[in-house]
Amino acid sequence: MKPDYIVYVRLGNVYYYGKKDYNKAIESYLYSIKLNSDYFGGYWGLGNVYYFGKEDYDKAIENYLHTLKLKPDNANAYRVLSLTYNKMGNQKKYLEYLRKATQFENNNTKIN
């Protein structure tokens with residue numbers, strides 16, 4: 001049986017990807033974080049909701065950075081973080097994080 005925090009990340013994924021219910025997804029991801037703030041999945045999910053769903057780029061950045069704090073080899077987080085900075089018009093940060101994503105991908109680092 002999966003720990004409860006994983007269950008809430010997966011529930012958030014159902015709300016986000018399946019039902020497009022962004023508020024319920026956020027609730028689920030936040031509860032997952034409340035149960036285990038050392039697991040990156042809740043922050044990753046929040047970043048995705050805020051970037052792709054709500055277009056709240058500041059909150060997306062905050063959550064992607066927290067994801068990277070917990071899982072610094074996550075090339076996907078670097079890539080989406082670069083895209084977020086690009087949306088905000090920050091080309092310097094866009095290129096910085098795009099380079100990091102490419103570096104991890106080129107080093108065959110495990111990507112989640």
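Our structure is the block above this text.
Rules of the game
Residues numbered from 1 in each chain as written. Predicted model: local features only at pLDDT ≥ 70, side-chain atom pairs only at ≥ 80, totals over all residues. Heavy atoms only, no water. Salt bridge = Lys/Arg side-chain N within 4 Å of Asp/Glu carboxyl O. Helix = DSSP H or I, 4+ residues; strand = E, 2+ residues; numbered from the N terminus. Buried < 20%, exposed > 50% of the residue type's maximum accessible area, 1.4 Å probe, protein only. Expected span 1.5 Å × (residues − 1).

Chemist: Account for the pattern of salt bridges, naming residues and giving values.
Modeler: It is possible for side chains of opposite charge to pair when their charged atoms get near one another. Enumeration according to the criterion identifies four salt bridges in this entry. Across the pair Glu-105 and Arg-79 runs a salt bridge, and its minimum N-O distance is 2.5 Å. Residue Glu-105 is found in helix α6 (residues 91-106), and its partner Arg-79 is found in helix α5 (residues 75-87); the two are separated by 26 residues along the sequence. Since its relative accessible area comes to 26%, Glu-105 is described here as partly exposed. The partner of Glu-96 in a salt bridge is Lys-93, with the nearest N and O atoms 4.0 Å apart.

Chemist: Go over helix α3 (residues 41-53), please, and point to the residues and values.
Modeler: With 13 residues, α3 should cover 18 Å at 1.5 Å per step; its first-to-last C-alpha distance of 17 Å lies within 8% of that length. Across the 13 residues of α3, 11 count as buried, placing the element largely inside the fold. Residues Gly-41, Gly-42, Tyr-43, Trp-44, Gly-45, Leu-46, Gly-47, Asn-48, Val-49, Tyr-50 and Tyr-51 constitute the buried set of α3. Positive backbone phi, approximately 55 degrees, marks Glu-55, located one or two places after α3.

Chemist: Would you mind going over unusual backbone geometry in detail, with residue names and values included?
Modeler: Even without a glycine there, the phi angle at Lys-20 is positive, about 55 degrees. One can find Lys-20 in the loop between α1 (4-18) and α2 (22-35). Its identity is not glycine, yet Glu-55 carries a phi of approximately 55 degrees, on the positive side. Judged by its relative accessible area of 54%, Glu-55 falls in the exposed class.

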